[in-house]
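Structural description and commentary
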Amino acid sequence: MNILLSFLNLMLYIAIIILIAYVILWVIQGFFGWAIDANVLKFGKIVVALLCLIAVVAWLAGVLGGGPGLPLFWRY
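Throughout what follows, the structure given in this document is the object of discussion. (Residues numbered from 1 in each chain as written. Predicted model: local features only at pLDDT ≥ 70, side-chain atom pairs only at ≥ 80, totals over all residues. Heavy atoms only, no water.)

Concerning the nonpolar core
Nonpolar side chains tend toward joint burial in soluble globular proteins. Within the largest apolar cluster, seven residues are counted, these being Leu-10, Ile-14, Ile-17, Val-48, Cys-52, Ala-55 and Trp-59. Put simply, the parts of the chain that give this core at least two residues each are helix H1 (2–31) and helix H2 (38–63). If one sorts the elements of this core by residue count, H2 sits on top with four residues. (Core = buried A, V, L, I, M, F, W, Y, C linked by side-chain atoms within 4.5 Å. Buried < 20%, exposed > 50% of the residue type's maximum accessible area, 1.4 Å probe, protein only. Helix = DSSP H or I, 4+ residues; strand = E, 2+ residues; numbered from the N terminus.)

A look at the layout of surface pockets
There is about 360 Å³ of room inside the largest pocket. Taken together, 13 residues make up the lining of the largest pocket; nearest its centre are Ala-21, Leu-41, Gly-44, Lys-45 and Val-48. Among the secondary structure elements, those contributing two or more residues to the lining of the largest pocket are H1 and H2. Element by element, the count of residues in the lining of the largest pocket is highest for H1, at seven residues. (1 Å grid on protein atoms, 1.4 Å probe; cavity = no way out; pocket = protein on both sides within 12 Å on 5 of 7 lines; lining within 4 Å. Points joined across faces, edges and corners; volume = space filled by probe spheres on them.)

Shown next, in the form of structure tokens:
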């Protein structure tokens, strides 16, 4: 049960990372009306992917006992 809750916590972290990236993209393009260069957008997608990968590695380290893992949004 703990692994399932920690996996759901991981999915929540990844969803928050992606949501924040899309909100920043919406604010820049939709609200301000500024155009984003394709290279900058590609770099931003790489940064978001790396943040998600870091979250997965931290979760795996916590599950396998190699590290503290991710902080939890709730206690069980």
